[in-house]
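Coordinate analysis (summary)
These are the residues of each chain, in order.
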Amino acid sequence: MSPRAARPSRTARPSRTARSSRTARPSRTTRPSRTTRPSRTALSARTLSLRLGVPVGALLAWQLAAWGHGSVFFPTPASILAHGHALWFSGPPGRLFLTDDAVAHLLPSLGRVVAGFSLAAVCGIVLGLVLGRSRDAYALCDPVLQFARAVPPPALVPVFVVLLAPGTRMQLASIVLSAVWPVLINTADGVRAVDPLRLEVAAALRMPLAERVLLLYLAAALPRVFAGLRLSLSLSLILMVFSELLPGTTNGIGFQLVDAQTRSDLLTVWAVIVLLGVVGQVLNSALLAVERLLLGGRRETRSPSPTRLRRAGSG
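Rules behind the numbers
- Residues numbered from 1 in each chain as written.
- Predicted model: local features only at pLDDT ≥ 70, side-chain atom pairs only at ≥ 80, totals over all residues.
- Heavy atoms only, no water.
- Helix = DSSP H or I, 4+ residues; strand = E, 2+ residues; numbered from the N terminus.
- Buried < 20%, exposed > 50% of the residue type's maximum accessible area, 1.4 Å probe, protein only.
- Contact = heavy atoms within 4.5 Å.
- Areas by Shrake-Rupley, 256 points an atom, 1.4 Å probe, with all protein chains shown as cover.
- Arc of directions from axis to C-beta.
- Polar contact = N/O pair within 3.5 Å; in protein donor to acceptor, adjacent residues only side chain to side chain.
- Axes fitted to C-alpha atoms, helices over the stretch in contact; angles between N-to-C directions.
- Left-handed = near helix turned anticlockwise from the far one by under 90°.
- Nonpolar A, V, L, I, M, F, W, Y, C, P; charged D, E, K, R; others polar.
- Parallel < 35°, antiparallel > 145°, perpendicular 65-115°, else oblique.
- Salt bridge = Lys/Arg side-chain N within 4 Å of Asp/Glu carboxyl O.
- Phe/Tyr/Trp six-rings, centres within 6.5 Å; stacked < 30°, edge-to-face > 60°.

Section: the overall build of the protein chain
Scanning the protein chain from terminus to terminus reveals 13 helices and zero strands. Along the protein chain, helices (α) and strands (β) appear in the sequence α-α-α-α-α-α-α-α-α-α-α-α-α when read from the amino end. In the protein chain, which comprises 315 residues, the proportion classed as buried is 31%. Look at the contacts in the protein chain between residues 6 or more apart in sequence, and 72% of them connect residues 24 or more apart. Working note: accessible area of the protein chain is about 20,200 Å², and carbon and sulfur atoms make up 64% of it.

Printed below as a string of structure tokens:
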């Protein structure tokens with residue numbers, strides 16, 4: 001046999017189709033389907049169960065510990081909730097189940113918190129926008145702002161007692177002038193963080209001042225504004241209770257707390273403490289809902305792009 005005949009023929013080599021089949025990537029059908037992933041409903045149900053599981057477990061532990069302790073000074077959550085329901089929420093249906101004590105003490109306290117927080121939010125946002133737009137004004141006022149923020153809010157209440165007579169005006173003044181600083185400082189910091197390029201575009205388009213404030217400054221500062229609002233809300237609730245603890249107060253949750261402590265009514269004391277926690281949680285949840293509505297569930301947002309500014313200026 002000749003040497004040429006001993007060589008393998010060209011037809012013995014693997015074809016291009018065979019080589020391509022070896023190097024071919026697995027098809028998309030081998031990937032796991034999207035149906036195997038948990039749905040949003042399952043994730044939301046799991047999150048809800050986790051959020052409810054911790055408070056329920058804490059209440060069960062409290063209930064068992066109070067049963068085991070058997071002390072008057074440490075009542076069970078069931079007795080506290082029953083006493084609070086009979087004290088505030090066992091009224092007629094025509095009055096939304098509110099009792100006389102709820103109308104006399106709960107509603108005035110809620111009115112003070114909402115009014116003081118609203119005034120502090122409006123004043124803080126307006127002053128923050130003014131100071132944030134001017135670097136010189138912010139540099140001049142920054143030491144005063146930092147000093148006022150460092151003063152403990154309850155320390156200002158005796159000053160307002162001297163300047164103003166005990167009553168609603170004194171309580172509102174203490175709430176507003178103690179809760180305005182987080183909103184003011186956060187708003188000013190957010191306004192100063194606006195991109196200078198967007199400011200130049202807005203100036204070139206000759207945008208009106210109102211549109212500049214809404215589309216540029218307020219849009220950029222909105223996440224930090226809500227961060228300041230959450231701090232301001234907690235301070236408003238604290239100052240409301242503290243101002244109602246002072247002599248001369250005739251109504252409110254704080255007044256009811258002091259009155260119950262004087263009469264050694266421990267169930268009422270515990271019920272007021274639980275009620276304050278519930279009120280704070282409800283108000284904070286409402287503020288978070290507004291934040292998600294305005295920010296779309298995002299914690300950080302960007303100011304409008306130059307293209308959007310051109311459209312607004314041309315409009």
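Let's talk about the environment of A121
Following the sequence through the fold, A121 ends up in helix α5 (residues 100-133). The sequence separation of A121 and V183 amounts to 62 residues, and the corresponding C-alpha distance is 6.3 Å.

Some remarks on helix α11 (residues 253-262)
Given 3.6 residues per turn, any residue in an α-helix points the same way as the ones three and four places further on. If you check which residues of α11 are buried, you get I253, G254, Q256, L257 and A260. Looking straight down α11, one finds that the buried residues subtend no more than 160 degrees of arc, so they occupy a single side. Those residues of α11 hidden inside the fold are in contact with α4 (77-88), α5, α10 (209-244) and α12 (266-295).

Considerations on the side chain of R112
Residue position: R112 is located in helix α5. Of the polar contacts made by the side chain of R112, one reaches the side chain of Q171; its length is 2.5 Å. What R112 contacts, discounting residues up to four positions off in sequence, is T168, Q171, L172, I175, M240, E244, N251 and G252.

A closer look at the packing of α5 against α10
Their axes nearest at 7 Å, the elements α5 and α10 cross at an angle of 145 degrees. The two elements α5 and α10 meet at a crossing, and its hand is right-handed. Here S109, R112, V113, F117, A120, A121, I125, L129 and R133 of α5 lie close against α10, whose contacting residues are L209, V213, Y217, L218, V225, L229, S232, L233, S236, L237, M240 and E244. Residue composition of the contact of α5 with α10, by class: 15 nonpolar, three polar and three charged.

Quick look at unusual backbone geometry
Although it is not a glycine, L96 sits at a positive phi angle of roughly 60 degrees. Tracing the backbone shows L96 in the loop between α4 and α5. The class of L96 is exposed, set by a relative accessible area of 67%. Even without being a glycine, S264 presents a positive backbone phi close to 60 degrees.

Looking at the packing of α5 against α11
Two numbers describe how α5 lies on α11: the axes approach to 7 Å, and their chain directions differ by 125 degrees. Put simply, α5 runs oblique to α11. Contact residues: D101, H105, L106 and S109 in α5; I253, F255 and Q256 in α11. The class makeup of the residues in the contact of α5 with α11 is three nonpolar, three polar and one charged.

Points about the pattern of salt bridges
Counting across every chain of the model gives five salt bridges. The residue R112 makes a salt bridge to E244 at a minimum N-O spacing of 2.6 Å. Of this pair, R112 sits in helix α5 while E244 sits in helix α10; the two residues are 132 residues apart in sequence, bridging distant segments of the chain. R263 is the salt-bridge partner of D265, the closest N and O atoms lying 3.7 Å from each other. Here the salt bridges do not stand alone but share partners, grouping D259, R263 and D265 into one network.

A word on the packing of aromatic side chains
Taken as a whole and judged by the stated rule, the model has three aromatic pairs. Here the aromatic rings of F74 and W270 are separated by 6.2 Å at their centres, their planes lie at 65 degrees, and the arrangement is edge-to-face. With a gap of 196 residues between them, F74 in the loop between α3 (40-69) and α4 and W270 in helix α12 connect regions that are remote in the sequence. Given the relative accessible area of 23%, W270 is considered partly exposed. Taken together through their ring pairs, the aromatic side chains of W62, F74 and W270 make up a single cluster.

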